[in-house]
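Each chain, letter by letter, is given below.
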Amino acid sequence: MSGRPVATVAGTPVAVEEVDAAEARLRGGPHAAALPARGTSEGRQLRRWLTQLLVTERVVVAEVAARELSTGDAPGEEELLPDVTARLEIGSVAAAALADPRARALFVDVTAAVRVSDREVADYHARNPLRFAALRPDGRGWRAPSCDGPPLAQARAAVTEHLWAAARRRAFRLWLDERLAALVELAPGYEHPGDPRQPDNTHRH
């Protein structure tokens, strides 16, 4: 049915045509061959994931407006998500949302109070003494980490930055999950892809 909502965000409907358009853009793009076929379990999961992107965008836009945030000083995407590990930590939906500078400005605001304690830094360094060891020539034309880790005083800044970045990603992911749970209602067939109650969330070998 045309106009059938797949979700509501704070009572405002998200029409199925928006999911159709998002899917069409993907299927018309350079990675179309890697996408699951329409009508399959995986194809329905793709549409659920696209629905998550759409409702997340709505929540981000509303929060940015409510907080009167500007995107002028928003950090770059690579600053918040420098590698694959960072994207896995924050989750695929939040990672995709952070392509938008509005979401990055919101990230900064939401995580402004996140801090890492000296105890956390010291404990992490004790558990991972070689994590920030300098590279050295290995005699075969390659460079390998030193067998001796740097002392805490030398590694403190790097460890602090590493833990702070991870803590901010975790805080933003949890905050976003809470806002989505509070504001979003999903229609049958458009549940969260990871919802164990929906029929396409099956684990196969």
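Calculation criteria
- The residue numbering used here restarts from 1 in each chain and proceeds along that chain's sequence as written.
- Residue-level local features of this predicted model are given only where pLDDT is at least 70; pairs of side-chain atoms are given and counted only at 80 or more, and the full residue set underlies all totals for whole chains, interfaces and linings.
- For the side-chain quantities, the full set of heavy atoms in the structure was used; hydrogens and water were omitted.
- Helix and strand definitions here come from DSSP, where helices need a minimum of 4 consecutive H or I residues and strands a minimum of 2 consecutive E residues; each element is numbered from the N-terminal end.
- Relative accessibility under 20% of the residue-type maximum defines a buried residue, over 50% an exposed one, and the middle range a partly exposed one, all with a 1.4 Å probe and only protein chains included.
- By definition, residues are in contact when any of their heavy atoms lie within 4.5 Å.
- Strand pairing requires that DSSP identify at least two bridges connecting the strands.
- The pLDDT score gives, residue by residue, the confidence of the prediction method on a 0 to 100 scale.
- For Phe, Tyr and Trp, where Trp contributes only its six-membered ring, two rings pair if their centres lie within 6.5 Å, and the inter-plane angle classes them as stacked under 30 degrees, edge-to-face over 60, or tilted in between.
- By definition, being over a ring means that NZ of Lys or CZ of Arg is both within 6 Å of the ring centre and within 35 degrees of the ring normal.
- Here, nonpolar core refers to any group of buried Ala, Val, Leu, Ile, Met, Phe, Trp, Tyr and Cys residues whose side-chain atoms link them within 4.5 Å.
- Note on geometry: axes are lines fitted to C-alpha atoms, helical ones only across the stretch in contact, with angles between N-to-C directions running from 0 to 180 degrees.
- Note on terminology: angles under 35 degrees are roughly parallel, angles over 145 are roughly antiparallel, angles of 65 to 115 are roughly perpendicular, and the others are oblique.
- In this classification, the charged set is Asp, Glu, Lys and Arg, the nonpolar set is Ala, Val, Leu, Ile, Met, Phe, Trp, Tyr, Cys and Pro, and all remaining amino acids, among them Gly, are polar.

By the naming in an unreviewed UniProt entry, the chain is Malonyl CoA-ACP transacylase, taken from Mycobacterium stomatepiae.

Trainee: Tell me about the environment of V55, and please be specific about residues and values.
Mentor: Relative to the elements of secondary structure, V55 occurs in helix α2 (residues 41–67). Looking at V55, the relative accessible area reads 1%, which means it is buried. The sequence separation of V55 and L183 amounts to 128 residues, and the corresponding C-alpha distance is 9.2 Å. Beyond its immediate stretch of four places on either side in the chain, V55 contacts A7, V9, V14, L180 and V184.

Trainee: Lay out the pairing of strand β1 (residues 5–9) in plain terms, naming residues and giving numbers.
Mentor: Direction of pairing for β1 relative to strand β2 (residues 12–15): antiparallel, over a ladder of four bridges. Across the sheet, residue V9 finds its bridge partner in β2, namely T12. As consecutive antiparallel partners, β1 and β2 are separated by two residues, and within that stretch A10 has a phi angle of approximately 50°, a positive value. Sheet topology note: the β1/strand β5 (residues 184–186) ladder contains three bridges and is antiparallel. By the bridge assignment for β5, A7 is matched with L186.

Trainee: Residue-level account of unusual backbone geometry, with values.
Mentor: Its identity as a non-glycine residue notwithstanding, A10 has a phi of 50°, on the positive side. When you line up the elements, A10 lands in the loop between β1 and β2. Using a relative accessible area of 57% as the deciding quantity, one classes A10 as exposed. Even without glycine at this site, E68 takes up a positive phi of about 55°. One can find E68 in the loop between α2 and α3 (77–80).

Trainee: Could you give an account of the confidence of the model for the chain, naming the residues involved and the relevant values?
Mentor: With 93% of its residues at a pLDDT of 70 or more, the chain has an overall mean of 91. Strand β4 (residues 143–145) is the least confidently modelled element of the chain, averaging 67 in pLDDT, while helix α6 (residues 101–110) averages 98, the highest of any element.

Trainee: Which residues make up the packing of aromatic side chains, and what values go with them?
Mentor: Scanning the entire structure with this criterion turns up two aromatic pairs. Between F107 and F172, the aromatic rings sit 5.1 Å apart at their centres with planes inclined by 45°, giving tilted as the arrangement. With a gap of 65 residues between them, F107 in helix α6 and F172 in helix α8 (residues 152–183) connect regions that are remote in the sequence. The same class applies to F107 as to F172, namely buried. Ring plane angle 25° and centroid distance 6.0 Å describe the contact between F172 and W175, whose orientation is recorded as stacked. Highlighted residues: F172 and W175, both in helix α8, separated by three residues, approximately one helical turn. Owing to a relative accessible area of 14%, W175 belongs among the buried residues under this scheme. By way of ring pairs, the aromatic residues F107, F172 and W175 are connected into one cluster. Here the basic side chain of R168 rests over the ring of W164, its NZ or CZ set 4.3 Å away from the ring centre.

Trainee: Before we move on, could you go through the nonpolar core and cite the residues and values that matter?
Mentor: One finds I90, L98 and F172 to be the most contacted residues of the largest nonpolar core, which totals 32 residues. Of all elements in the fold, only β1, α1 (16–27), α2, α4 (84–90), α5 (92–97), α6 and α8 reach the threshold of two or more residues within this core. Looking at which element gives the most residues to this core, the answer is α2, with seven residues. Other than its neighbours up to four places away in sequence, F172 contacts I90, L98, A103, L106, F107, V110 and T111. In terms of nonpolar packing, the next biggest core, distinct from the first, is built from six residues, V116, Y124, V159 and L163 among them.

Trainee: Please give an account of the environment of W49 that cites residues and values.
Mentor: Here W49 is to be found in helix α2. In the structure, W49 is positioned 142 residues away from E191 in sequence and 8.9 Å away in space, judged by C-alpha atoms.

Trainee: Could you give an account of the packing of α2 against α8, with specific residues and numbers?
Mentor: For the pair α2 and α8, interaxial distance at closest approach is 10 Å and the crossing angle is 100°. The orientation of α2 with respect to α8, classified from their angle, is roughly perpendicular. Residue-level inspection shows V55, T56, V59, E63 and R67 of α2 in contact with α8, the latter providing W175, L176, R179, L180 and L183. In terms of residue class, the contact of α2 with α8 is built from six nonpolar, one polar and three charged.

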